[in-house]
Each structure stands twice: as structure tokens, then as C-alpha cells.
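Chain by chain, the residues run as shown.
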Protein chains: 2
Amino acid sequence: MEDKLEAFQDFYPDDYSHCYGCGRLNEHGMQIKSYWDGEESVCRIHPRDYYTGGMKHIVYGGLIASLIDCHAAGTAAAAKIKELGQEMTRETMPRFVTANLNVNFKAPTPIGAEIELRGKVLEIKGRKVTIGVDLIAEGVVCAEGQALMIQVKETL
Amino acid sequence: MEDKLEAFQDFYPDDYSHCYGCGRLNEHGMQIKSYWDGEESVCRIHPRDYYTGGMKHIVYGGLIASLIDCHAAGTAAAAKIKELGQEMTRETMPRFVTANLNVNFKAPTPIGAEIELRGKVLEIKGRKVTIGVDLIAEGVVCAEGQALMIQVKETL
């Protein structure tokens, strides 16, 4: 089957596609997919029903942090390649790692609902890219995250 | 089989024990266990081998955030009950939720290694408890986290 290259994560090179959150080659993982939606990036996912928090009807905080982290990493890579005026390909897609992740939990995230992540590029400064991410479920911003992503040097 | 009540998480009431990170009733989850070690709290875990990051030999950032969050929640509950001069039981154990989680990623966390989480109580101010957590693998502090945990009102 031919690959359908569309999402940011589909352009990650094979040896960088093993992440449990966003790697298309991690068969156990969530394989989240992020896309541009105008100036913002968007990712939609229905988390597995066992990703519960302390109580059964809410999502656990670690998943929220994970989704924000992976969506921010993808958005940083896509934003950097856009800044360079290049197209996303598996050869050109830059690799980013997280230096800092900060999450404010605003409201419980309900289990069973579709989660939407909306990313904004807050700053691009050389290899440092700062992304803000809102996590939304049932119309409510349940968490707000910010991630400082660093481009891995080998890709420069 | 009789329950062996030892870890902080073993004292969470049943209806608060479904967390994918630390709930003893989540059969799919990690069921982390945290204990006092003097003034600090400690948790040791061998993450599953598919919790990889982008590259196969490192742990994904979301897991690191998850472990820090859950260990901080347990430490907050144990610290609060200690401050109250009470023993941990399933009836007395207070419930905490995360208001803010901040993680600095300092070094890659190797897959296959035992991870040690060491928690410190930074502040207890009424229902607000701030916990600092170091995540250590192979003798290296790979991540430093801080969590602001809020005691759920129903348990006051």
C-alpha cells in the first residue's frame, strides 16, 4: 500500500517514527496526526477508553501532557520547514526534541469525547521553537500547554 | 488474595484508582508504586519497551511527564496526610488533582533502564501542595519536574 503522506508525522524519517505518542511505526502507540489549519495546527483523537484518570469518566493527566507534547513537536517541525520556505518531505523534515513542557489543567477532560488539539507558533528563534497548545473537548478548553522544542543538530 | 497495603497508591479509594499511570484497578495501566524514603518519596519502574520516543533507544517524553505527574500526586496525598498527623488508610487518604505540571527534559532517558523518581515536598499551603520530582536513569537526572497539586474539596 502506498503511503498517504499528509500529516506532519507522516514526514518524520523512519528512524524517528517510533514515538508511542506520534510515531507511525509504533504499533502499540497512539499515532496522532497533526495538520495545518490556517495559521494554527490541529490534531483530533479519540483516546482509548482505558486512558482513564483516577476516576473512570476522565482522561488521565499524563495523556494530556503526552498529546500536547507530541502535537507541539510536530507543529515545531512543520513551522520550521515553513519558515525555511521548504516543503515537508521525509528528507527535509527537521527533528525536534522537547526541552520544556508546561501544562495548566483547567477542567476535567471527559473520557469518550473527541479531543482537539490546537497549536500556535509562539516563537521561532534559530533551533528553538515555542509552541502553545490548547486541548479542547466538548467545546471546553480543558488544558493549556506550552512547549519549548529544540531542533536536533544533525538535521541542520 | 489479601491486599498488601504499602504504597501511597494502595491507599487510594477504589473509585479513585482507575488512573492509567497509577491506579491499582487499571489493568491496562502502569500501576506505579510510590513510598517514603526518609523525607523524599521514591518510585522505581521499568517502563514497557514500546514506550519509545522518536528513536527506539529512548523513552518518549509523554511517559516521563506521566510518571512525574502520578508520582507527584501520590507524594502530595502522602505529605498532606502526614501534615495532618494521620495514618494513610483508604478512608483518610486525600485526593489530589494536578493544576500545573512543568517538566524540564535534561537528557535522553534510555529504554530498558530502571527509572527512579524522587519526590520532594516543596510547599504545603492548605489544599495546595507543590512537589518537585527528579527522574533518574543510570545515575543521570534525565528530567526535573514540578507539579502543583490541588486537594479535591470533597475529601476535606
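In this text, all values refer to a predicted model and were calculated from it rather than measured experimentally.

Visitor: Is there a simple way to explain the environment of E123 of chain B in this structure?
Guide: All names here are of chain B. Mapped onto the elements, E123 comes out in strand 4 (residues 115–125). Under the relative-accessibility criterion, E123 is labelled partly exposed at 41%. In this structure, the C-alpha to C-alpha distance between E123 and G21, residues 102 residues apart in sequence, is 24 Å. Filtering out sequence-adjacent residues up to four positions away, E123 remains in contact with K128, V129 and T130.

Visitor: Would you mind going over the pairing of strand 4 (residues 115–125) of chain A with me for this structure?
Guide: Consecutive residues of a regular strand have side chains that alternate between opposite faces of the sheet. Residue and element names in this part refer to chain A. For strand 2 (residues 40–45) and strand 4, the ladder comprises five bridges, and the chain directions are antiparallel. Looking across to strand 4, one finds that S41 is bridged to G119. Inspection of the sheet shows strand 4 paired to strand 5 (residues 128–137) by 10 bridges, in the antiparallel sense. Residue R118 lies in a different strand from strand 5, and its bridge partner there is D134.

Visitor: Looking at this structure, I do not really get the relation of the copies chain A and chain B. What am I missing?
Guide: Between the two chain copies there is a screw-like relation: a rotation about an axis and a shift along it. Under the fitted operation, chain A is carried onto chain B by 0.0 Å of movement along the axis and a turn of 180°, and the coordinates agree to an RMSD of 0.0 Å. What we have between these two chains is a two-fold relation. Taking the C-alpha atom as reference, chain A places N102 of chain A closest to the rotation axis, 2.1 Å from it. Interface overlap between copies is the fraction of interface residues in one copy that are interface residues in the other; for chain A against chain B it reaches 100%, indicating a shared surface.

Analysis parameters
- Residues numbered from 1 in each chain as written.
- Chains lettered and ligands numbered in written order.
- Predicted model: local features only at pLDDT ≥ 70, side-chain atom pairs only at ≥ 80, totals over all residues.
- Heavy atoms only, no water.
- Helix = DSSP H or I, 4+ residues; strand = E, 2+ residues; numbered from the N terminus.
- Buried < 20%, exposed > 50% of the residue type's maximum accessible area, 1.4 Å probe, protein only.
- Contact = heavy atoms within 4.5 Å.
- Pairing = 2+ DSSP bridges.
- Least-squares fit on C-alpha atoms with pLDDT ≥ 70 in both.

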